[in-house]
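Residues per chain are reported as follows:
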Amino acid sequence: MNRRTLLAGAGGISAFGLVGYFIYTFSLSMPILLNGKNETDSPKGVVVTVTELDSNRKNIDTPVSIPVGATTEIGRVPNADSQASVKLVELAADGEEGPDEDAVIDEATELLGPETKQLTITVTDDGLDLDLSLRE
């Protein structure tokens, strides 16, 4: 085998490795998607709070109304080590918009990390169900 063939092969392998590295790095920097699903017979309200563990910074602190049989995108948060806290709350009384943050029905928490792709919050007749999807 001559030197030119050897160098061309090594260059091809290193270029492939560089592309693989960038794809891996890019997939780890993608934000975590938060979705809410309602499987009940009435609209429901949730309050979602995501706090980074290192800095104690809140990335999201949002009350959301989820219609019957619908899936709602709640938002996206950085894929850092965080804790997601979700409260199922009563909807506000007539004349007011959105969830009543003081009328908590159920609570659940989940830890998020760099390998987390999506957190799906499902409201059922029994309460809250949090489901993580991980990156491959």
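Draft legend 1. Representation of the pairing of strand S7 (residues 116-124) within the structure. Buried residues dominate S7, accounting for 7 of its 9 residues. Pairing of strand S1 (residues 32-38) with S7, which is carried by 6 bridges, proceeds in the parallel orientation. Residue pairing across strands places Asn35 opposite Thr120, the latter belonging to S7. Relative to strand S8 (residues 127-134), S7 runs antiparallel, the two being bridged by 8 bridges. By the bridge assignment, Ile121 is partnered in S8 with Leu130.

Draft legend 2. The confidence of the model for the protein chain, seen in detail. Overall, the predicted model of the protein chain reaches an average pLDDT of 81, with 71% of residues at or above 70. Within the protein chain, the element-level pLDDT minimum falls on helix H1 (residues 3-28), averaging 58, and the maximum on S7, averaging 94.

Rules used throughout
- Residues numbered from 1 in each chain as written.
- Predicted model: local features only at pLDDT ≥ 70, side-chain atom pairs only at ≥ 80, totals over all residues.
- Heavy atoms only, no water.
- Buried < 20%, exposed > 50% of the residue type's maximum accessible area, 1.4 Å probe, protein only.
- Helix = DSSP H or I, 4+ residues; strand = E, 2+ residues; numbered from the N terminus.
- Pairing = 2+ DSSP bridges.
- pLDDT = per-residue confidence, 0-100.

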